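# Secondary and tertiary structure notes
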Amino acid sequence: MPLKAVLFDAGNTVVLINYAVVVEALAAEGLEFEEARVREAEYRARVRLDPILAQRNSTESPNIFQTYMRFVCEDLGVEWGAAAERAFRRIAEYNREHNLWNQPNPQARGVLDRLQRRNLVVGMISNSDGSIERMITEQGLAPYFRFVLDSQVVGVEKPDPRIFQMALELAGVGPAEAVYVGDLYSIDVVGSRAAGLDAILLDPAGLWGHVDCPKARDLSEAAGIVLQRLS
């Protein structure tokens, strides 16, 4: 069936993690790292976290967030001791107040515009804390989305197929007419497939070679995969 809708994750997809917050929290403990090094560690932490998420642990759990940040620290060579835990508390406090994933992806506007121009329905499905619609509105991205489903608001989170089914209903399309773009295999790919959608996994550092789905280095490359399907 022809493709009619593209659905996006939010964090690490349309909006990016604020790496500067992590850098500053570590620096406050005398742990100095370039932002690029922290970014590389976070990419690897996603892959390491995925088997834990596959056991149906919530991405919104404080314990999962702590494990995620611990993996980042370990990749940086930082022992998970008192200094790392103090840095984590700073990061967690920022996340509660502002959402750590609050940086607009510089490719988002151009990609979303390209997809809209091809008459594709664009929607968002995010495991979040109730703030994501406000955030993308502030960033000027809301007009590109027909709808935004925030797990905190709708009461269901990925990989539960029900949240994808909600999105399909709002988009007015069937599962075979939509594709989902996200950054975590066990949450985004497994969840969307359970609802009958195809999925594209964002793999910015080429670390997900072991998984069985189309992969893209960034949003622009993901859009290219989508548009090839329209050709």
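One can find the structure itself at the top, above this paragraph.
Below, the structure is looked at part by part. The structure presented is a predicted model; accordingly, all values stated were derived computationally and were not measured.

Rules used in this analysis
Residues numbered from 1 in each chain as written. Predicted model: local features only at pLDDT ≥ 70, side-chain atom pairs only at ≥ 80, totals over all residues. Heavy atoms only, no water. Salt bridge = Lys/Arg side-chain N within 4 Å of Asp/Glu carboxyl O. Helix = DSSP H or I, 4+ residues; strand = E, 2+ residues; numbered from the N terminus. Buried < 20%, exposed > 50% of the residue type's maximum accessible area, 1.4 Å probe, protein only. Contact = heavy atoms within 4.5 Å. Polar contact = N/O pair within 3.5 Å; in protein donor to acceptor, adjacent residues only side chain to side chain. Pairing = 2+ DSSP bridges. Axes fitted to C-alpha atoms, helices over the stretch in contact; angles between N-to-C directions. Left-handed = near helix turned anticlockwise from the far one by under 90°. Nonpolar A, V, L, I, M, F, W, Y, C, P; charged D, E, K, R; others polar. Core = buried A, V, L, I, M, F, W, Y, C linked by side-chain atoms within 4.5 Å. Arc of directions from axis to C-beta.

### Quick word on the pattern of salt bridges
Under the counting rule described, the total for this entry stands at 17 salt bridges. Here Glu177 makes a salt bridge to Lys4, at a shortest N to O gap of 3.1 Å. Taken as a pair, Glu177 in the loop between α8 (161-171) and β6 (178-182) and Lys4 in the segment before β1 (5-8) lie far apart in primary sequence, 173 residues in all. Given the relative accessible area of 39%, Lys4 is considered partly exposed. Salt-bridge contacts for Glu42 lead to Arg46; the nearest nitrogen and oxygen are separated by 2.7 Å. One end of the pair is Glu42 and the other is Arg46, both in helix α2 (residues 35-53) and 4 residues apart, which spans about a single turn.

### Looking at the environment of Asp9
For Asp9, the position within the fold is in the loop between β1 and β2 (15-17). Given the relative accessible area of 5%, Asp9 is considered buried. Separated by 158 residues in sequence, Asp9 and Ala167 have C-alpha atoms that sit 12 Å apart. Discounting residues that sit within four places of it in the chain, Asp9 has contacts with Val14, Met124, Ile125, Ser126, Lys158, Tyr180, Val181, Gly182, Asp183 and Asp188. There is a polar contact of 3.4 Å between the side chain of Asp9 and the side chain of Thr13.

### Observations concerning the pairing of β1
Of the two faces of β1, the one carrying Ala5 and Leu7 and the one carrying Val6 and Phe8 are both buried. In the sheet, β1 pairs with strand β4 (residues 121-126) via 4 bridges, with the strands oriented parallel. When the sheet's bridge partners are listed, Ala5 is paired in β4 with Val121. The sheet contact formed by β1 and β6 spans 4 bridges and is parallel. By the bridge assignment for β6, Phe8 is matched with Val181.

### Some points on the packing of helix α1 (residues 19-27) against helix α4 (residues 82-98)
Viewed as axis vectors pointing N to C, α1 and α4 meet at an angle of 145°, and their least axial separation amounts to 8 Å. The handedness of the crossing between α1 and α4 is right-handed. On α4, the residues that touch Val21, Val22, Ala25 and Leu26 of α1 are Ala87, Arg90, Ile91 and Tyr94. Partitioning the contact of α1 with α4 into residue classes produces 7 nonpolar, no polar and 1 charged.

### Some details on the nonpolar core
Phe8, Phe65, Leu115 and Phe145 are the most contacted members of the largest nonpolar core, which has 62 residues in total. The element best represented in this core is helix α3 (residues 62-75), accounting for 7 residues. Discounting chain neighbours no more than four positions away, the residues touching Phe65 are Phe88, Ile91, Ala92, Asn95, Leu100 and Trp101. Within the second largest apolar cluster, 17 residues are counted, among which are Ile125, Phe164, Ala178 and Ala195.

### Things to note about the environment of His210
Its place among the elements puts His210 in the loop between β7 (198-202) and β8 (215-216). Judged by relative accessible area, which is 58%, His210 ranks as exposed. Spatially, the C-alpha atoms of His210 and Ile136 are 32 Å apart, while their sequence positions differ by 74 residues.

### Here's the deal with helix α5 (residues 108-117)
Residues Ala108, Val111, Leu112 and Leu115 constitute the buried set of α5. Each buried residue of α5 sits inside an arc of 95° when the element is viewed along its axis, so together they form one side. If you follow the buried residues of α5, they end up packed against β1, β4 and α10 (219-230). Positive phi appears at Asn119, one or two residues downstream of α5, with a value of about 65°.

### What to know about the sheet that holds β8
Reading across from one edge, β5-β4-β1-β6-β7-β8 is the order of the 6 strands in this open sheet, with parallel pairing throughout. Edge positions in the sheet fall to β5 (147-150) and β8, since each has one partner strand and no second. Relative to the sheet, α8 contacts β1, β4, β5 and β6, its axis offset from that of β5 by approximately 165°. Against the sheet, helix α9 (residues 185-194) engages β6 and β7, with an angle of about 165° to β7.

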